[in-house]
Amino acid sequence: MPLTSVGVVLHLAIVGVALLFFYRFLKTATHIMSMYKFSISYLILYLCCLEIAPILILLRLLS
């Protein structure tokens, strides 16, 4: 394989791995959501309090 095409192959491999990871993540998430029935308000509360708020606080402190 010529050295000029190594970069293209590397980028394609990275994109392929990212697509496979994203597919597997979505498949697992739909499986978990279908097995465990919980309120959508709980999910929104979880995302706001434990995921989004700490990131916003860190961004506010660092800037």
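Keep in mind that this is a model prediction, so the values were computed, not measured. (Residues numbered from 1 in each chain as written. Predicted model: local features only at pLDDT ≥ 70, side-chain atom pairs only at ≥ 80, totals over all residues. Heavy atoms only, no water.)

### As for the overall build of the protein chain
Part 1: Secondary structure assignment for the protein chain yields two helices and zero strands.
Part 2: For the protein chain, whose C-alpha radius of gyration is 19 Å, the value lies well above the compact-globule estimate of 11 Å for 63 residues.
Part 3: Dimensions of the protein chain along its principal axes, counting C-alpha atoms only, are 55 × 40 × 10 Å.
Part 4: Of all 63 residues assigned to the protein chain, the portion counted as buried reaches 0%.
Part 5: Just so you have it, the protein chain exposes about 6,100 Å², and 80% of that area is on carbon and sulfur atoms. (Helix = DSSP H or I, 4+ residues; strand = E, 2+ residues; numbered from the N terminus. Rg over C-alpha atoms; globule rule 2.2 N^0.38 Å. Buried < 20%, exposed > 50% of the residue type's maximum accessible area, 1.4 Å probe, protein only. Areas by Shrake-Rupley, 256 points an atom, 1.4 Å probe, with all protein chains shown as cover.)

### Thoughts on helix α2 (residues 40-62)
Part 1: End to end, α2 covers 32 Å across 23 residues, agreeing with the expected 33 Å (1.5 Å per residue, within 8%).
Part 2: For α2, the principal kink sits at I52 and spans about 40°; a proline, P54, occurs within the next four residues. (Expected span 1.5 Å × (residues − 1). Bend = angle between axes of the 7 residues up to and from the residue.)

### Details of the environment of M33
Part 1: Along the chain, the position of M33 falls in helix α1 (residues 6-35).
Part 2: With near-sequence residues (within four places) excluded, M33 lies in contact with F38 and L43. (Contact = heavy atoms within 4.5 Å.)

### Side note on the environment of P2
Part 1: Mapped onto the fold, P2 is located in the segment before α1.
Part 2: P2 sits 33 residues away from M35 along the chain, and the two C-alpha atoms are 49 Å apart.

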